[in-house]
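Descriptive analysis of the structure
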Amino acid sequence: MPHHLDDLTSALAAERERLLPDTSGTIHDQRLDDGGERCFALATTTVDGRLSHTQDADVGFPIQSVVKPWIYGVALLDHGDGVHDLVGVEPTGEPFDAVVLEEGTGRPPNPMVNAGALLTSSLVAGRGVDERVARVLEVCSGAAGRALSVDEGVVATELEQGDRNRALGFLMRAGGTMSCSVEDALEVLARCCAITVTAADLATMAGTLATWGVRPGSSERVLPQSVVTDVLSVMATCGMYDGSGRWVHRAGLPAKSGVSGGVMAVAPGILGLGSYSPPLDDHGNSVRGLRAGEQLSVSWGLHPFGPPR
């Protein structure tokens, strides 16, 4: 581990203090009270298993779209490269919930937008919704190093507000790319998005990807190396929606955001970064999460195209 990463706790605390006054953005999670903008957490897990974190790193929130790389990973476990016959790997430049499918193939453009996540949810093996969700939950729990659970209240809200995803599902089913029922795929995705995590969990999950599938500080392999390579590649180009280009330009890290305010970023071979701050920018990404990730990547020399530290 580079010497300049020895005192991560102090660096995270300083970055939190720098950005805490910035309350710009819009909070998507309507369950939060008026104090939601004050919650801000940063955490890292190094590849040797060292967890560092700030205040609020133990605050629970729905994982939302940060689960999409993990659903994609489980689909790859079950179907290998055949997944890519049904879902593409290209960024869209469109919002995460855009009704956009590839012309000619009817495939969703990538697994990180809603259409793609709905499709990969349909590919998770299992005899029903519960078995499919349990498999994704098991992988996420293995990556986090603790048993995670689903918030049923969030599930109900996701299903109630899921008409746009239903439309995407019926388009894919009509085009022959989705073989299971639309309602089953929708419920699998809704339940996976309702998994409760903390910023510390996201850091350890990111750290698991940083070690190419082995949870840091353990010998537990959560995903095969080849699956993690695919997951990181698509996260790098598509994980921050139509803000992915700016993020890669400034931070250079595979990452995934969610509308609850979580961000999971990966510095392969070095560490995982997790953050939680509910206010979102126009692309649906956490304002503070992005700014912290960009600054820490520069400060710590994590950008893969930057000079070595």
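The structure we're discussing is the one just above.
I will try to describe carefully the structure that is included in this document. (Residues numbered from 1 in each chain as written. Predicted model: local features only at pLDDT ≥ 70, side-chain atom pairs only at ≥ 80, totals over all residues. Heavy atoms only, no water.)

1. Quick notes on the overall build of the protein
Worth spelling out the cut-off: What counts as a helix is a DSSP run of H or I of at least four residues, what counts as a strand is a run of E of at least two, and both are numbered from the N terminus. Only protein chains enter the area calculation, which uses a 1.4 Å probe; residues under 20% of their type maximum are buried, those over 50% are exposed, and those in between are partly exposed. Should any heavy atoms of two residues lie within 4.5 Å, those residues are counted as being in contact. Here the accessible surface of atoms and residues is derived via Shrake-Rupley with a 1.4 Å probe, and residues count as covered only by protein chains that are part of the display. Only four residue types enter the charge count: Lys and Arg as positive, Asp and Glu as negative, with His and the chain ends excluded. Working definition for charges: the position is that of NZ of Lys, CZ of Arg, CG of Asp or CD of Glu.
What the protein contains, in helices and strands, is 11 helices and 9 strands. The principal-axis extent of the C-alpha atoms belonging to the protein is close to 55 × 40 × 35 Å. Scored against the burial criterion, the 309 residues of the protein give a buried share of 56%. Sequence separation of 24 or more characterises 68% of the internal contacts of the protein that already satisfy a separation of 6 or more. When the accessible area of the protein is evaluated, it comes to approximately 12,300 Å², of which 50% is carbon and sulfur surface. One finds the centroid of the 23 positive side-chain charges in the protein at a distance of 2 Å from the centroid of its 38 negative side-chain charges.

2. Let's talk about the side chain of T120
Of note, T120 is situated in helix α3 (residues 114-123). Once you skip the residues sitting within four places of it in the chain, T120 turns out to touch I71, Y72, A75, V87 and P111.

3. Quick notes on the packing of α3 against helix α6 (residues 163-175)
Stated precisely, the cut-off is as follows: For helices, the fitted axis covers only the stretch in contact; all axes are lines through C-alpha atoms, and the angles between them, taken along N-to-C directions, range from 0 to 180 degrees. Left-handed is the label given to a crossing in which the near helix is rotated counterclockwise from the far helix by less than a right angle, and right-handed is the label when the rotation is clockwise. Classification convention: Asp, Glu, Lys, Arg as charged; Ala, Val, Leu, Ile, Met, Phe, Trp, Tyr, Cys, Pro as nonpolar; all other residues, Gly among them, as polar.
Interhelical geometry of α3 versus α6 gives an angle of 65 degrees and a closest axis separation of 10 Å. Taken as a pair, α3 and α6 cross one another with a handedness that is right-handed. Of α6, the residues touching α3 (which contributes N114, A115, L118 and L119) are N165, L168, G169 and M172. Taken together, the residues of the contact of α3 with α6 break down into 5 nonpolar, 3 polar and no charged.

4. Notes on the nonpolar core
The following threshold applies: Here, nonpolar core means buried Ala, Val, Leu, Ile, Met, Phe, Trp, Tyr and Cys residues that are tied together by side-chain atoms lying within 4.5 Å of each other.
In terms of nonpolar packing, the biggest core is built from 66 residues, with V67, W70, I195 and M205 touching the most fellow members. At 8 residues, the largest contribution of residues to this core is made by helix α4 (residues 129-144). Excluding residues that lie within four positions of it along the chain, I195 makes contacts with F61, P62, I63, V67, L137, C140, L148, S149 and V150. In this structure, L5, M240, A255 and L302 belong to the second largest nonpolar core, which totals 21 residues.

5. Side note on the packing of aromatic side chains
Cut-off, in case you're wondering: Put simply, two rings from Phe, Tyr or Trp (the six-membered ring, in Trp's case) pair if the centres are within 6.5 Å, and we call them stacked under 30 degrees between planes, edge-to-face over 60, tilted for the rest.
Under the definition given, this model contains 1 aromatic pair. Taking 4.0 Å as the distance between ring centres and 5 degrees as the angle between the ring planes, the aromatic pair formed by F61 and Y276 counts as stacked. Taken together, the positions of F61 in strand β4 (residues 61-62) and Y276 in strand β8 (residues 271-276) put the pair 215 residues apart, joining distant regions of the chain. Considered together, F61 and Y276 belong to a single accessibility category, that of buried residues.

6. As for α3
In terms of burial, α3 is a largely internal element, 10 of the 10 residues being buried. What α3 keeps buried is the set N114, A115, G116, A117, L118, L119, T120, S121, S122 and L123. Buried residues in α3 make contact with α2 (68-79), α4, α6 and α7 (182-193).

7. Describing the pattern of salt bridges
Where we set the bar: In the sections that follow, a salt bridge refers to a side-chain nitrogen of Lys or Arg positioned within 4 Å of a carboxyl oxygen of Asp or Glu.
Tallied over the entire structure, the rule returns 12 salt bridges. Notably, a salt bridge pairs R18 with E15, separated by 2.6 Å at the nearest N-O pair. Placement of the pair is R18 and E15 together in helix α1 (residues 8-19), with a separation of 3 residues, close to one helical turn. The partner of D22 in a salt bridge is R291, and the shortest N-O contact between them spans 2.1 Å. Pair noted here: D22 is in the loop between α1 and β1 (26-27) and R291 is in helix α11 (residues 287-299), with a separation of 269 residues, a long-range link. The exposure class of D22 is buried, given its relative accessible area of 18%. Classification of R291 as partly exposed rests on a relative accessible area of 35%. Each of D163, R166 and E183 takes part in one network of salt bridges that share partners.

8. Quick notes on the environment of G258
Take G258: it is sitting in the loop between β6 (255-257) and β7 (262-267). With near-sequence residues (within four places) excluded, G258 lies in contact with Q64, S65, V66, L280 and G284.

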